[in-house]
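The lines below spell out each chain.
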Amino acid sequence: MSIRVQALTKLYGQQKAVDGISFSAGPGVLGFLGPNGAGKSTTMKILTCFIPQTAGTASVCGFDVIANPLDVRRHIGYLPESNPLYLDMYVKESLGFIAGIHKIHEPEKRIATIIEQTGLGPEQHKKIGQLSKGYRQRVGLAQAILHNPDVLILDEPTSGLDPNQLIGIRQLILELGKTKTIILSTHIMQEVEAVCNNVIIINQGKIVADDTLQGLRNKNINSTLEQIFISLTSN
């Protein structure tokens, strides 16, 4: 498994943002769902080495997030919900900057491949600040996958996109999920049903469901994913 989490806990003062959760994930797309404040972003920040856990362990591709943070970062691509970008940079220039950070071999060749893969060709010579939200999301994804990581963590990657932009990003995630382990956090249930193989639902810092999408449906006959989500997180 690319990701292993065991008894992971994160405290903020007396509050348990994450409460002893355990799960694993391999190649494919894992939907990581929960209401606001459930612990999703905290878990993702721990996996990407942005913050340390209070207790428990987490590893990415066999590397512990505390003991081997640089190795974890080499194997992981992260698109946070805020998608921070240098708006004054040109698209191709920004990818060159990221390629330099990762010391990518033959960066021009890799950048050309990623521009084609993410559909950024028509926009590659524009400043990021001139792009629509859909294309900015593509730039964020391009930066996250430029170093060809084994694991991708995507926090609300389709938030605020129009239907055409959404379909493009969805197809890209599906394609990437054939070879990579992807954790996809979203509030859009249609996205989960369209791209995810497995689903974890977290509520008040605890995992309340961990199953395949089909398995969840089989256990909750005649219920939509939205209805299942509400029944597990309404308390």
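The rules we used
- Per chain, the residues get numbers from 1 upward, laid out in the order the sequence is written.
- Residue-level local features of this predicted model are given only where pLDDT is at least 70; pairs of side-chain atoms are given and counted only at 80 or more, and the full residue set underlies all totals for whole chains, interfaces and linings.
- Excluded from the side-chain calculation are hydrogens and water; included are all heavy atoms of the structure.
- UniProt positions are given in the numbering used here, feature names are shortened, and annotations may be inferred rather than shown by experiment.
- The buried label goes to any residue with under 20% of its type's maximum accessible area, the exposed label to any with over 50%, and the partly exposed label to all in between, with areas taken from a 1.4 Å probe on protein chains only.
- To qualify as a helix, a DSSP run of H or I must reach at least 4 residues; to qualify as a strand, a run of E must reach at least 2; elements of each kind are numbered from the N terminus.
- Within this document, salt bridges are pairs made up of a side-chain nitrogen of Lys or Arg and a carboxyl oxygen of Asp or Glu, the two lying within 4 Å of each other.
- Candidates for patches are residues over 30% relative accessible area with no salt bridge; among them, like charges are joined within 9 Å and nonpolar side chains (Val, Leu, Ile, Met, Phe, Trp, Tyr) within 5 Å.
- Here the accessible surface of atoms and residues is derived via Shrake-Rupley with a 1.4 Å probe, and residues count as covered only by protein chains that are part of the display.

- Under an unreviewed UniProt entry, the name given to the chain is ABC-2 type transport system ATP-binding protein, and the organism recorded is Mucilaginibacter pocheonensis.
- UniProt annotates the chain under Sequence similarities (unreviewed entry) with the comment "Belongs to the ABC transporter superfamily."

**Points about helix H1 (residues 40–47)**
So, point 1. For H1, a buried count of six out of eight residues is recorded, marking the element as mostly surrounded by other parts of the structure.
So, point 2. Looking at H1, one finds that the buried residues are Lys40, Thr42, Thr43, Met44, Ile46 and Leu47.
So, point 3. Looking one or two residues past H1, Cys49 carries a phi angle of roughly 70°, positive in sign.

**Some remarks on the pattern of salt bridges**
So, point 1. Inspection of every chain in the model, using the stated rule, returns eight salt bridges.
So, point 2. Asp19 serves as the salt-bridge partner of Lys206, at 3.7 Å between the closest nitrogen and oxygen. Of the two residues, Lys206 is situated in strand S10 (residues 206–212) and Asp19 in strand S2 (residues 15–25); the sequence distance between them amounts to 187 residues.
So, point 3. Between Arg74 and Asp71 there is a salt bridge, with the nearest N and O atoms lying 3.0 Å from each other. With Arg74 and Asp71 both in helix H2 (residues 69–74) and three residues apart, this pair spans about one turn of that helix.
So, point 4. On the basis of relative accessibility, which here comes to 23%, the residue Asp71 falls in the partly exposed class.
So, point 5. It is possible to trace a salt-bridge network through shared partners that takes in Lys16, Asp19 and Lys206.

**Observations concerning a nonpolar patch on the surface**
So, point 1. A grouping of Tyr86, Phe97 and Ile101 is seen on the molecular surface, where their side chains present a nonpolar patch of about 330 Å² in accessible area.
So, point 2. Residue position: Tyr86 is located in the loop between strand S6 (76–79) and helix H3 (91–101).
So, point 3. Residue Tyr86 is classed as exposed on the basis of its relative accessible area of 54%.

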